[in-house]
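Working through the structure, step by step
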Amino acid sequence: MMPTLDPLSYLRTAAMEMRITLARRDYEAAVAKSDAAVAALQDLITRGHSHPSVWQSMLFEWSRLDYLQLEAYVKAKCPAEHCLAIAEAAKGRLFRLYRMIGELGPNELSNQEMTKNLISSAAQRQPIEKARKWLESGREKHLVSLFCSSSGIAVISLSEKGANCHWIDGPIYDRFRAGVYNHWEQLSDWALDSRLQSAALQVGAPPELVLNSAQAVSELMLDWLGNMLAQAVPDIAAGGDELVLIPHRCFRSLPLAHARLSNGKYLSELFERVTIAHTLTAFTRPMATVTRTVSQLDMFLDPQQDLPLARLEGLPGSGWPTHIGQAATTARFRQALAQPGGIQLSTHGVFDPANPFSSWLALADGKIALSELYDSGQIKRQLIVLSSCESGLSQRSNSDEPFGFPALLQSAGVHQVIAPCWRVDDLATLLLMSEFHRLIADQHAPEQAIYRASHWLRQLDAEQALHRIETIEASISPDEQSCFDDALVDLRQQKTWLHSHRYDIQCPFQSPVFWAGFQAWGSSVSTTRGEP
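Residues numbered from 1 in each chain as written. Predicted model: local features only at pLDDT ≥ 70, side-chain atom pairs only at ≥ 80, totals over all residues. Heavy atoms only, no water.

Brief notes about the overall build of the protein chain
Of regular secondary structure, the protein chain possesses 21 helices and 14 strands. Long-range pairs, those at least 24 residues apart, make up 75% of the contacts in the protein chain with a sequence separation of at least 6. (Helix = DSSP H or I, 4+ residues; strand = E, 2+ residues; numbered from the N terminus. Contact = heavy atoms within 4.5 Å.)

In structure tokens form, the structure reads like this:
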């Protein structure tokens, strides 16, 4: 029977009834109530509407029911794959509707059955089947999906051994977000703010005070994440060939690949490849066969000419196509996007959490908005590296729409995006990218190269950093000197700092603030995950 209440009131009433049923521990009844409520909602949400913007507030309210439905399924001991379908159906419903508009046109939204199937858990059957085939294609593969609510955290894993759902009961997510994440987010943003460092000096505090605090909270956070994942999926402690992590809510903004287990090892050390996926559907979406390696990158560096060290990220002398300063124009960037291979953009970027489509990247003659990249239909690049602050962030909301540069670039056709989750340090990024580019040139897969470069930077001592800087300086030919004059001045200042601390600071970039920010989203695998 269809509800007589308006959709939002019906949602709230259904959620209240489910809370009462769960409190009574009648989990099978809670499952039945949730299934009936979701079936009615799927009909309501697709009846008489023509654009997803009309549905957004309803989808936000629906997310509250998602939390209760998954809790009911887990506590009723339903099969883990059923729980996975519910968890993944809840992630990015509005995003899937936007994809449908882009691929089939807005008129298809009037097809109620198609739209209903798109946003239901039944739509996850095919992605789950493709995930099974992916697991069968090689040994030591793991897929882990997270789902967070105020009642608990579900950690759902798939491996060659089968499916498992681990429920961590209680308000653990809310406590983590309030007690660790919010402090970490603020401290990591402050840690590299030169104005705060100057203010600290003025009041007699050491300028590294905020950085040290950010390091301490970051280490705590990586340990917490590692302990949670190892408790839920003990087999990941043995490592393996490939690990795919599908985060939820604030975990989308965290360096999950670098979660640290109790043995002191990071996931990115234990697995040959670690990939972050926005949703199971995105990970298993059919894609054409592509080569695992990208032998070079087209470089767009410092378009606004105020990031001198970014100009040196192009590995002078490498022979890679490089556009520096005023040469890094919007026209050249658009043209480059339409070619195969890899591309790197080192510039300013701003992520707008209120409207992610208005987020932008700066080029020499203007800005390119995220909406333009998503709607262009011309992107042929297999790999895009965004060496700009915050370009790895996604919108955070109750309905967990993964709107951000990585997700929308992948939706537009890019197979893999590498981007930082927070403000990055110029020298640390230069050193990281120099090693990343060396590994790319040596035929490493991008997801391997970025994480190996990250750990290389973490373990780098001052003498080794000085040697790498001297190598970069030596690669600049006399004809290129004028292009890098101010960058070389900055490097000399950084060398002076490293020289002065080469004995008292063993590893100057050991803080996760410096080395852990870049993550690999998507995959550049050489085999298809479904029918092409």
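What about the packing of aromatic side chains?
Counted according to the given criterion, the structure contains 11 aromatic pairs. Both rings, one in phenylalanine 176 and one in tryptophan 224, keep their centres 4.2 Å apart while their planes meet at 20°; by these two values the pair is stacked. Separated by 48 residues along the polypeptide, phenylalanine 176 in helix H8 (residues 172-190) and tryptophan 224 in helix H10 (residues 209-232) bring together distant segments of the chain. Overall, tryptophan 224 belongs to the partly exposed group, its relative accessible area being 23%. Relative to phenylalanine 333, the ring of phenylalanine 300 lies with its centre 5.3 Å away and its plane at 85°, an arrangement referred to as edge-to-face. Placement of the pair is phenylalanine 300 in strand S6 (residues 297-301) and phenylalanine 333 in helix H14 (residues 330-337), with a sequence separation of 33 residues. Pair check on accessibility: phenylalanine 300 and phenylalanine 333 agree, each one buried. Grouping aromatic residues by their ring pairs yields a cluster made of Tyr173, Phe176, Trp224 and Phe251. The cationic tip of lysine 367 hangs over the ring face of tryptophan 360; the distance from NZ or CZ to the ring centre is 4.0 Å. (Phe/Tyr/Trp six-rings, centres within 6.5 Å; stacked < 30°, edge-to-face > 60°. Buried < 20%, exposed > 50% of the residue type's maximum accessible area, 1.4 Å probe, protein only. Lys NZ or Arg CZ within 6 Å of the ring centre and 35° of its normal.)

Things to note about the pairing of S6
Burial analysis of S6 places five of its five residues in the buried class, the great majority of the element. What you see with S6 is no split at all: Leu297, Met299 and Leu301 on one side and Asp298 and Phe300 on the other are buried throughout. Alignment of S6 against strand S8 (residues 342-346), held across five bridges, turns out to be parallel. Note on S8: the bridge partner recorded for methionine 299 is glutamine 344. For S6 and strand S7 (residues 322-324), the ladder comprises three bridges, and the chain directions are parallel. Directly across from leucine 301, in S7, lies its bridge partner isoleucine 324. (Pairing = 2+ DSSP bridges.)

Digging into the sheet that holds strand S10 (residues 360-363)
In sheet architecture, strand pairing relies on hydrogen bonds along the backbone and comes in two forms, parallel and antiparallel. Pairing in this open sheet of three strands is antiparallel, and the strands run S9-S10-S11 from one edge to the other. Looking along the sheet, the strands with just one partner apiece sit at the ends: strand S9 (349-350) and strand S11 (366-369). When S10 meets S11, the two strands line up antiparallel, connected through four bridges. Bridge pairing in S11 links tryptophan 360 to alanine 369. With respect to the sheet, H14 is in contact with S10 and S11, its orientation differing from that of S11 by roughly 35°. (Axes fitted to C-alpha atoms, helices over the stretch in contact; angles between N-to-C directions.)

Concerning the environment of alanine 412
By secondary structure assignment, the location of alanine 412 is in the loop between helix H16 (405-411) and strand S13 (416-420). Linking alanine 412 and lysine 380, residues 32 residues apart in sequence, is a C-alpha distance of 8.9 Å. Once residues lying within four places of it in the same chain are set aside, the contact partners of alanine 412 are Leu373, Tyr374 and Ile379.

Observations concerning the confidence of the model for the protein chain
Across the protein chain, the average pLDDT comes to 83, with 82% of residues at or above 70. When the criterion is pLDDT under 50, residues 287-291 qualifies, and its contacts beyond four places in sequence or with other chains add up to 15 contacts. Between residues 524-532, whose pLDDT stays under 50, and residues either more than four places distant or in other chains, the model counts 24 contacts. (pLDDT = per-residue confidence, 0-100.)

Section: the nonpolar core
Counting residues in hydrophobic clusters, the biggest one holds 89 residues, and the most contacted among them are Phe251 and Phe436. Sequence-distant contacts of phenylalanine 251, defined by excluding residues within four places in its chain, comprise Leu146, Cys148, Ile153, Tyr173, Phe176, Trp224, Leu225, Met228 and Leu256. (Core = buried A, V, L, I, M, F, W, Y, C linked by side-chain atoms within 4.5 Å.)

Concerning the pairing of strand S5 (residues 271-276)
Burial of S5 is extensive: five of the six residues sit out of reach of the surface. Note that strand S4 (residues 240-246) and S5 share five bridges and pair parallel. Its bridge partner lying in S5, leucine 243 is registered against valine 274.

With respect to H10
For H10, built from 24 residues, the straight-helix expectation of 34 Å at 1.5 Å per residue is met to within 8% by its first-to-last C-alpha distance of 35 Å. Of all the residues in H10, the buried ones are Leu211, Ala214, Val217, Ser218, Glu219, Met221, Leu222, Leu225, Gly226, Met228, Leu229 and Ala232. Buried residues along H10 sit in contact with strand S1 (141-148), strand S2 (152-159), strand S3 (162-169), H8, helix H11 (267-270) and helix H21 (512-515). (Expected span 1.5 Å × (residues − 1).)

Concerning the environment of isoleucine 168
With respect to the helices and strands, the residue isoleucine 168 is situated in strand S3. Residues isoleucine 168 and glycine 152 lie 16 residues apart in sequence; the distance between their C-alpha atoms is 5.3 Å. Apart from residues no more than four positions distant in its own chain, isoleucine 168 is found in contact with Ser151, Gly152, Ile153, Val155 and Met228.

A few points about the state of the cysteines
Covalent bonding between the sulfur atoms of two cysteines defines a disulfide. In total, this model carries zero disulfides according to the counting rule given. The structure places no disulfide on cysteine 148, whose sulfur is separated from the nearest cysteine sulfur, that of cysteine 250, by 6.6 Å. Under the relative-accessibility criterion, cysteine 148 is labelled buried at 0%. (Disulfide = S-S within 2.5 Å.)

With respect to H14
Turning to H14, its buried residues are Thr330, Phe333, Ala336 and Leu337. Along H14, the residues classed as buried sweep out an arc of 125° about the axis, all on the same side. (Arc of directions from axis to C-beta.)

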